[in-house]
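Summary of the model geometry
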Protein chains: 2
Amino acid sequence: MMTKTDALELLADKREASYALGMAGALIHWDAATTGVPEKSLKMRGAAAGWLGGEAFSRFVAPDTLSAIETLEGCLDELDEKEKAMVRELGLKYRKAHAVPPEEIKAFQALTAQAENVWEKAKGANDFSLIEPYYEKIFAFNRRLCDWYGYEDHPYDALLDDYEKGATVKMADVFFSLLREKITPLVKMINESGKKPRELSGEFPIEKQRELTRWLCDVTGYDVKRGKIGEVEHPFCTRVTRNDVRITTKYHEDNLLSSVYSVIHEAGHAIYEQNMAEELDEYGLGEAASMGMHESQSRLMENMIGRSRAFAEILLPELKNIFGGLKDWDNDMLYRAINIVRPSLIRIEADELTYCLHIIVRYELEKALINGEIKVKDLPGLWVEKYKELLGICPPDYAKGVLQDVHWSAGLVGYFPSYAIGNAYAAQYMAAMKKVVDVDAGLRAKDLSKATKWLGENVHRHGELYLPDELVRRATGEGFNPKYYVDYLQEKFMGLYS
Amino acid sequence: MMTKTDALELLADKREASYALGMAGALIHWDAATTGVPEKSLKMRGAAAGWLGGEAFSRFVAPDTLSAIETLEGCLDELDEKEKAMVRELGLKYRKAHAVPPEEIKAFQALTAQAENVWEKAKGANDFSLIEPYYEKIFAFNRRLCDWYGYEDHPYDALLDDYEKGATVKMADVFFSLLREKITPLVKMINESGKKPRELSGEFPIEKQRELTRWLCDVTGYDVKRGKIGEVEHPFCTRVTRNDVRITTKYHEDNLLSSVYSVIHEAGHAIYEQNMAEELDEYGLGEAASMGMHESQSRLMENMIGRSRAFAEILLPELKNIFGGLKDWDNDMLYRAINIVRPSLIRIEADELTYCLHIIVRYELEKALINGEIKVKDLPGLWVEKYKELLGICPPDYAKGVLQDVHWSAGLVGYFPSYAIGNAYAAQYMAAMKKVVDVDAGLRAKDLSKATKWLGENVHRHGELYLPDELVRRATGEGFNPKYYVDYLQEKFMGLYS
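Summary of the structure given here. (Residues numbered from 1 in each chain as written. Chains lettered and ligands numbered in written order. Predicted model: local features only at pLDDT ≥ 70, side-chain atom pairs only at ≥ 80, totals over all residues. Heavy atoms only, no water.)

**Notes on the overall build of chain A**
A tally of regular secondary structure across chain A gives 20 helices and three strands. Expressed along its principal axes, the backbone C-alpha trace of chain A runs to roughly 75 × 50 × 50 Å. Looking at chain A as a whole, 54% of its 498 residues qualify as buried. Of the contacts made within chain A by residues no fewer than 6 positions apart, 73% connect residues no fewer than 24 positions apart. The positive charge centre, built from 63 side chains, and the negative charge centre, built from 79, are 4 Å apart in chain A. (Helix = DSSP H or I, 4+ residues; strand = E, 2+ residues; numbered from the N terminus. Buried < 20%, exposed > 50% of the residue type's maximum accessible area, 1.4 Å probe, protein only. Contact = heavy atoms within 4.5 Å. Lys, Arg positive; Asp, Glu negative; His and termini not counted. Charge placed at Lys NZ, Arg CZ, Asp CG, Glu CD.)

**Regarding the interface of chain B and chain A**
Contacts between the two partners involve 33 residues from chain B, matched on the other side by 33 residues from chain A. Across the chain B/chain A interface, buried area totals approximately 2600 Å², and carbon plus sulfur atoms make up 67% of it. Counting the contacts that link chain B with chain A gives eight salt bridges. Where chain B packs against chain A, one counts 12 residue pairs in polar contact (both at pLDDT 80 or more). Elements represented by at least two residues in the side of chain B that touches chain A include exactly α1 (4-35), α2 (42-61), β2 (237-241) and β3 (244-249) of chain B. At 11 residues, α1 of chain B tops the list of elements feeding residues into the side of chain B that touches chain A. Classifying every residue of the side of chain B that touches chain A gives 15 nonpolar, six polar and 12 charged. (Buried area = accessible area lost by both parts, 1.4 Å probe. Salt bridge = Lys/Arg side-chain N within 4 Å of Asp/Glu carboxyl O. Polar contact = N/O pair within 3.5 Å; in protein donor to acceptor, adjacent residues only side chain to side chain. Nonpolar A, V, L, I, M, F, W, Y, C, P; charged D, E, K, R; others polar.)

**Here we look at unusual backbone geometry**
Working note: non-glycine residues mostly have negative phi, and peptide bonds are mostly trans. Residue and element names in this part refer to chain A. The backbone of L326 shows a phi angle near 55°, a positive value even though the residue is not glycine. Tracing the chain through its elements places L326 in the loop between α12 (309-323) and α13 (331-337). Its relative accessible area of 14% is what places L326 among the buried residues.

**Examining the pairing of strand β2 (residues 237-241) of chain A**
Alignment of β2 of chain A against strand β3 (residues 244-249) of chain A, held across four bridges, turns out to be antiparallel. Residue pairing across strands places C237 of chain A opposite I247 of chain A, the latter belonging to β3 of chain A. (Pairing = 2+ DSSP bridges.)

**Things to note about empty space enclosed by the protein**
Residues and elements named next belong to chain B. Scanning the model with the defined rule gives one cavity of 30 Å³ or more in all. Looking at the largest cavity, its volume works out to about 40 Å³. Lining of the largest cavity is provided by G268, I271, Q297, L300, M301, T452, L455 and H460. Contributing elements (two or more residues each) for the lining of the largest cavity: α10 (256-275), α11 (291-305) and α18 (449-458). (1 Å grid on protein atoms, 1.4 Å probe; cavity = no way out; pocket = protein on both sides within 12 Å on 5 of 7 lines; lining within 4 Å. Points joined across faces, edges and corners; volume = space filled by probe spheres on them.)

**Some points on the sheet that holds β3 of chain A**
Residues and elements named next belong to chain A. The strand order β1-β3-β2 describes an open sheet built from three strands, whose pairing is mixed. Among the strands making up the open sheet, the edge pair consists of β1 (229-231) and β2. On average, each strand axis in the sheet is tilted by 30° relative to the strand beside it, whichever way the strands run. In this sheet, β3 lies alongside β1 in parallel orientation, the contact comprising three bridges. Residue G230 lies in a different strand from β3, and its bridge partner there is T248. Across the sheet, helix α10 (residues 256-274) is in contact with β2 and β3; its angle to β3 comes to roughly 165°. (Axes fitted to C-alpha atoms, helices over the stretch in contact; angles between N-to-C directions.)

**Description of the sheet that holds β2 of chain B**
Residues and elements named next belong to chain B. One open sheet accounts for three strands, arranged β1-β3-β2; its pairing is mixed. Either end of the sheet is taken by a strand with one partner, and the two such strands are β1 (229-231) and β2. Ignoring which end each strand starts from, the neighbouring axes of this sheet average 30° apart. Packed on one face of the sheet, α1 meets β1, β2 and β3 and runs near 135° to β2. On top of the sheet, α10 reaches β2 and β3; it is set at about 165° to β3, its chief contact.

**Side note on the environment of A427 of chain B**
Turning to its location among the elements, A427 of chain B is positioned in helix α16 (residues 416-434). Apart from the residues lying within four places of it in its own chain, the contact partners of A427 of chain B are M304, Y484, Y485 and Y488 of chain B.

**A short note on the relation of the copies chain B and chain A**
Overlay of chain B on chain A (RMSD 0.0 Å): rotation 180°, translation along the axis 0.1 Å. Classification of the inter-copy transformation places it as that of a two-fold axis. When each C-alpha of chain B is compared by its distance to the rotation axis, A24 of chain B comes out closest, at 2.7 Å. (Least-squares fit on C-alpha atoms with pLDDT ≥ 70 in both.)

**Details of the packing of helix α7 (residues 155-163) of chain A against helix α14 (residues 355-370) of chain A**
Residue and element names in this part refer to chain A. Between α7 and α14, the shortest axis-to-axis distance is 8 Å and the interhelical angle comes to 130°. In terms of axis orientation, α7 runs oblique to α14. The element α7 and its partner α14 pack so that their crossing is right-handed. Residues P155, Y156, L159 and L160 of α7 lie in contact with α14, whose contacting residues are Y363, E366, K367 and I370. Grouping the amino acids of the contact of α7 with α14 by side-chain chemistry returns six nonpolar, no polar and two charged. (Parallel < 35°, antiparallel > 145°, perpendicular 65-115°, else oblique. Left-handed = near helix turned anticlockwise from the far one by under 90°.)

**Some thoughts on helix α11 (residues 291-305) of chain A**
Residue and element names in this part refer to chain A. If you check α11, its first and last C-alpha atoms are 20 Å apart, about what 15 residues at 1.5 Å a residue would give, namely 21 Å. Where α11 bends most, the angle comes to about 35°, and this point is R299. Capping the start of α11 is the job of one residue whose side-chain oxygen sits 3.5 Å from the backbone nitrogen of G292: S290. (Expected span 1.5 Å × (residues − 1). Bend = angle between axes of the 7 residues up to and from the residue.)

**Let's talk about the pattern of salt bridges**
Residues and elements named next belong to chain B. Applying the stated criterion across every chain yields a total of 95 salt bridges over all chains. A salt bridge links D173 to K367; the nearest nitrogen and oxygen atoms lie 2.8 Å apart. Here D173, found in helix α8 (residues 169-193), pairs with K367, found in helix α14 (residues 355-370); they are 194 residues apart in sequence, far enough to count as distant. The salt bridge involving D405 is made with R347; its shortest N-O contact spans 3.1 Å. Here the residue D405 occupies a position in the loop between α15 (379-391) and α16, and R347 occupies one in the loop between α13 (331-337) and α14, the gap between them amounting to 58 residues. Since its relative accessible area comes to 8%, D405 is described here as buried.

**Here's the deal with the side chain of H460 of chain B**
Residue and element names in this part refer to chain B. Structurally, H460 is set in the loop between α18 and α19 (468-476). For H460, a relative accessible area of 1% puts it in the buried group. Among the polar contacts listed, one links the side chain of H460 to the side chain of Q297, at a separation of 2.8 Å.

**Looking at the packing of aromatic side chains**
If you walk through the whole model with that rule in mind, you get 46 aromatic pairs over all chains. A centroid spacing of 5.9 Å and a plane angle of 65° characterise the contact between F60 of chain B and Y94 of chain B, whose relative ring orientation is edge-to-face. Of this pair, F60 of chain B sits in helix α2 while Y94 of chain B is found in helix α4 (residues 81-99), placing the two residues 34 residues apart along the sequence. Of the aromatic side chains, those joined through ring pairs into one cluster are F128, Y135, F139, Y163, Y355, W383, Y387, Y398, W408, Y415, F416 and Y419 of chain A. For R246 of chain B, the ring lying beneath its charged end belongs to W30 of chain B, and the centroid distance is 4.8 Å. (Phe/Tyr/Trp six-rings, centres within 6.5 Å; stacked < 30°, edge-to-face > 60°. Lys NZ or Arg CZ within 6 Å of the ring centre and 35° of its normal.)

**Quick word on helix α6 (residues 128-149) of chain B**
All names here are of chain B. Counted at 1.5 Å a residue, the expected span for α6 with its 22 residues is 32 Å, and the 30 Å between its end C-alpha atoms agrees. A maximum bend of about 30° is found in α6 at Y134. Every buried residue of α6 is accounted for by F128, I131, Y134, Y135, I138, F139, F141, N142, L145 and C146. Tucked inside the fold, the buried residues of α6 contact α5 (102-125), α7 (155-163), α14 and α15. Directly after α6, the chain includes G150, whose backbone phi takes a positive value near 90°.

Here's what the structure looks like:
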């Protein structure tokens, strides 16, 4: 039997390995995304990256990890709050990793590796039948996953919980019903209003966009000295170390707002990473509380701050200063231009108001599939029906419809709802924060420090110390409550469009 | 007892780990050099990089590696040529790694980590006494290293062999005596001739220098599609994978030749890496035969090709084309400008002719120190004496004298001679190659493919399959012979300056 000291030391060693291997993985990803990989190096690079990732995983799932966890679980009353949280998180992760028979994991990895290629082909050929047998197997595996992980009410609970700890069908049903009820008619109203705000079009030299990026980082509070800004095809944020958290963007000469909002979004993620309490590192708790929590911080910054009226007021003079021109633009016009609502087919291009409707489509389909109420072959037809119903539009082909997301072919079922939950967390934090911080006044003074301090103290610094629900409760005084999000959307977009 | 199959499998697993960890190390280095490390991230990054390097080392020095080596050494007659070479190289490396008591290695690492900082200070303060006690301990450790490694004739043989397998004092004495005898008077003659070729000065926009770099890569045969070009403070070449071999340079607006020759030098290294036979990878033999061998390929490209008359003839029109101007320059002037001889104090800034004289100074001092003929406290005085004797100049301070190199404070004794040996290998290869390939004609047609094919087949593709001496012997028909180098220097510089 291990002693408590042995167990803590063993876990410290494993953490050291995990940080180092994680840093290597982050740099391999960064390097590929920012400068590209020579075609002929792809295979060897993939093998090496695979080895490093596999090494991190096998060190974690080794039996001595469990011995350490069980040792510490046996003396919980001797542990402080952080040690307890560490044991909780390690126990959850270890037992999930061991819940699935190893041969099933292997087969599933081989399946999804193939499926991603087939998905590309199916999209190109507009042929759902190509991917259908893969989706069958992927959903069947995920159905078994529910049993391996375990659940109380609905099997899909097990998958939701995998991406958003504590999330359940019960909670998601309440959330998505509310959205359906309140947002669908609002979108319809806006569509029928015929109002078409002017778009911010023109040519925006990339060198000047880079200058704007630096201003955006400064205003949002992303500390560039503890990170870097890269240019890539698909923007992301990555932590190399806690003091080297990098963001990326992509510049389009003819689309200024694309880069502006990708920068603000990734800055939101990065600020979360940069503000986690350093003392959590020695417990392995210097991580986001959940995927939805991470998304809440990027969406809060991107939409609730970056698309606010106060932000438009400080952005416009900066745009005029950097790019010149724009003489016929005023604050109100810019506020409308950054909040154009236009029901569209593609989730990742959706505006703030309609985004969650895209998630509802996927949530309802996944839940019904996992529950056996529908079959994979029903997906294309139901997809069209739901888009007509929720967004009033109809995809012309599968690439702009049921085949637009990589998630299912990558094996990820239960992931989509965490995006929507993140938006709702964000609105709930914003509402709580606004009771004590005048965010708009700070914005107008180009000083968000009071807001980021509030977020830092109430959300960021706690990392993975609390479960998502407890974190939200401590910060806002109540558990997850989607009402704030729906109210926020209604108030904002009614104001803009009525 | 392990079976042969077990042993080969175990070594294959270790190789896989070593490639992956090596790739991570290369990317960590590349990332830091090309984009910098946030100040506050240095410590965590260092810890992670240290863990990855330590992991690679401890996997290699683990007892099961020795079991595998011994198993294979017990059935050498069942092994093919590559397997035998693999066993030879692993045996050499494993036994060297275990020759030194672990506590001595640890103490030495701590010592040199401190010594590098002290060396910086000593240089800044022009105070040799600060570093003296460190040098005492470092040379004492290296003296013990000779016994741990073992030697036949001279203790310094053990250190030479560590950087250049097979090198001995006997061989180096012959080489450096010849250089002393033939090159010192030549340098003196040039100095006294009063001839001062015109220098290529001016302003060279960096964007245009980048264009020239691409042309240089193309002409030398460095395959940019299997690598990348980075910009750094101190140029280097690094292999991420065999199909991703990267070079770096530094551009100075007012010094075109600095970047030109750093690019050609690193391209020489990179071509060696790119041309190693792929089949060697599964024996771990896809490495340079030695440090000197690597340097031979960079120096051959930089000096024997890049500073040849034929190269000046193709470079000049390209310079005129890219930068404009240079109307009053002709081929002969450019050939002289890229071969200016000027005895100088700093090794890394030395011209082709005087470079090896800098090495002689260090070789003679190291050899005498290791042999106990001189003491560390004698270094400053002897340094000045030797620079006066060999180069006819006298350093004004320690920074430009005995404290200019980081090597000794980094613990590296026996390293310097491999630079000079590399130059001599290069001349020997060039002489052999010129018997069958018209290198100058190729250059004038901007097509070096026959030369790189010869080098590829005779040197590059063999990686670490043969010991350096055998590699040279197979390629040139004789063992290491410094006569070619001395003859080459005499002929070239007599031609230029008489």
